[in-house]
Amino acid sequence: MKLTIFIAIALVCSLTTTQAQYLETTRRTVPTQGDVTGDPCNATVARSFAFDFEPLRQGTQSLDIAVAKTVWAPGPPPLENFPLYYPSNFSYNVNGGFPSYSLFDDWSAVCSSPLYIKKVLFGRLRSNVNPPRRDLAVIRTGSPGDTRIYQNSMIPNFPLLSTQTLNGNAIDGTWGAFTSNDVLEDLALTEPDHPGGAQIRIYPNDGTGHLNVAGAGAFNYSAQQIVLAQINGPINAQLENNKLDLIGFDANQLLIWRNDNDNGLPNFPPYKQTITLAGISSLAVADINNDGWNDIVVGYNRGVLLFLNNQSPNGPNYIPSAAYWVYQIPVGDPSRIHLIAVGDLGSPASLGGGTRNDGWTDLVIADLDPLIQTGPTIRVFVNQRGSGQPPTYFTSFPQQLFVPALSKGSQAPCISDVKQIELADVQTNGGFSLVYSMECEGEIHFVWHLGDPAPAPPKNLSWSGSIGQAPTISWDPNTERDISGYKVYRKLDPARGFALKATVTVNSYTDNEIVIGNGNQGYAHYYVEAYDAASNISDPSATIDVPYGFQPGRPFTPRQESERPRTLALHPSYPNPFNPSTQIRFDLPEANNISLIVYDVLGRKVKELVNSQLEAGYHSIIWDATTIPSGVYFARFTVTNPTRGLVYSGVNRLLLMK
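All values derive from a computational prediction rather than experimental measurement.

Draft legend 1. Expanded view of the pairing of strand 11 (residues 172-176). Where burial is concerned, most of strand 11 is hidden: 5 out of the 5 residues are buried. Burial along strand 11 is two-sided: Asp172, Thr174 and Gly176 and Gly173 and Trp175, pointing in opposite directions, are all buried. One ladder, built from 5 bridges, connects strand 11 with strand 12 (residues 186-191); its direction is antiparallel. Note that in strand 12 the partner of Gly173 across the bridge is Leu189.

Structure representation (structure tokens):
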């Protein structure tokens, strides 16, 4: 398929020249275990280094790190006779830093048969563990190569346990629900140099915490990088009926295989689509224009291109060949795009910059420095939300981070390039930090997000219920790691403003003050804000309208939305007994500091539902006790004021029956 590039976008890439800062200018460098100590292979073995993030401890949301690497030096006994040492390490996150690395596996090789660490990636191998966690795959190629699977045990000091080895010289992999018999995550690996011809192999998840080697599907396709993602359907499509598609590239083509939902990747239209583009080096899949469908961002030797999904399920060209420039390398510049990372780094400069997440996907790209002169450059492109005409998605005034040239010497065959870039919330404050490693260093570099951003607005509000029932408002849960809850606002009277109706810790709210009607009485209007552990509040979500009425035989007299409670009150929880959730309601006539904590009969804290300042209004908190055993619990509600001290204290007795 012929590629068309819309040059017009490159000429009007931004409506403003204001440059906001999203990342700090300080680079935090963390040495990992087994740093570079020499080059015993006389410049014949390139260095390899890969990492990924996942909580490895119970009771914390902090992202820990797993690292696999090459060390140009003999290992510890009994590996001291091997010139190449390959430690796999993990480190717990301590306030956004990773101060102490420990081994979870290691191996060795000789210079004539080296191994190369290609990728370290966490995936949801097990769906029935509590707390939920992802397990690890380490992809190695060499003589021979393999992919090792480690279960995330969350055992202190021994969190990653080797459970399975998959043979083969894969160079990239991706987790995702591919096979037709379940919605579990499978593992896809690409091996372009397979002895029997290039292959992409997909190992089904057997549901017991292992991958089914005998049942793996092998497809004779060649790809340098692969991603499993929804392309032929909306992002929130039901996986039972619409499995993930496969996106990849080889030297001269962008490749898109639509899943046939029967464990296959047919090699013909409309299931396979190719777009010719020479010199591709990286790709990322994300919803760039916020329409609920994944788009594709491609880095190649002249810049970065954006391919927007045209939302045509089962059509021959669900990704149009017409592309938009995101960034174009100037003529005469020998650099070329090397890596791409995606994530929400903040709003456009005119709308709060890095102080507020906005739910739009931003880009970070790293280029190559083939002349090894100034070192590579990392650029941050913030999404402009499709503003302007024609629509603009990324600023032409990116924040630029100049990476120092190689600091560990210039041992060939190393070059001064970024080996890997990721965006990760290592500070556990809802802000993505930039994390990268260099080709020939034994270090990981962290560039923290600037400040503690407010959460992104909740997305995809919807309502459910039948006429005569109380409406339930639902939305997609926020993905920030420090999210604490949501504030639900309602308006009944068009002449009055919105008022806070509830504060909840789950992504739904049932409004028991009204029932669903046919619209004769009017419409109830709702929007939702998210708040985090630091009490930062998001921008409002989009509004949703629900037709309301009244229950026959019962007068319907809703409170005026501007009315505040006259007295402070804690209401009985409902339902009670309950399984698995109950609603705790309370009224605040004025803003105060609120603490709502659930304890067991021994006085041990079970769940902190609220510990922050809340506005005056009628509040409702949902306690979801899905993972809690049956028994008697107590919800202690306290209200304090900075000047008056303790204002109110009350307890609700709760009976959980499963």
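Further notes follow.
Draft legend 2. Looking closely at the pattern of salt bridges. Within this structure, the stated rule accounts for 18 salt bridges. Asp146 is the salt-bridge partner of Arg140, the closest N and O atoms lying 2.8 Å from each other. Residue classification places Arg140 among the buried positions, given a relative accessible area of 4%. By relative accessible area, Asp146 is classed as buried at 8%. Three or more residues joined by partner-sharing salt bridges are found here, namely Asp105, Arg140, Asp146 and Arg148.

Draft legend 3. A look at the layout of surface pockets. Taken as a whole, the second largest pocket spans an internal volume of roughly 240 Å³. Lining the second largest pocket are 14 residues, and of these Tyr509, Asn512, Glu513, Gln583 and Arg585 sit closest to its centre. For the lining of the second largest pocket, the secondary-structure elements that each account for two or more residues are strand 36 (508-510), strand 41 (581-588) and strand 44 (617-624). For the lining of the second largest pocket, the element with the most residues is strand 44, which contributes 3 residues.

Draft legend 4. Local environment of the sheet that holds strand 44. Ordered by their spatial adjacency, 3 strands build an open sheet running 40-41-44, and the pairing between neighbours is antiparallel. Each edge of the open sheet is held by one strand with a lone partner, namely strand 40 (569-570) and strand 44.

Reading guide: rules and limits
Residues numbered from 1 in each chain as written. Predicted model: local features only at pLDDT ≥ 70, side-chain atom pairs only at ≥ 80, totals over all residues. Heavy atoms only, no water. Buried < 20%, exposed > 50% of the residue type's maximum accessible area, 1.4 Å probe, protein only. Helix = DSSP H or I, 4+ residues; strand = E, 2+ residues; numbered from the N terminus. Pairing = 2+ DSSP bridges. Salt bridge = Lys/Arg side-chain N within 4 Å of Asp/Glu carboxyl O. 1 Å grid on protein atoms, 1.4 Å probe; cavity = no way out; pocket = protein on both sides within 12 Å on 5 of 7 lines; lining within 4 Å. Points joined across faces, edges and corners; volume = space filled by probe spheres on them.

Nothing here speaks to function; it is all geometry.
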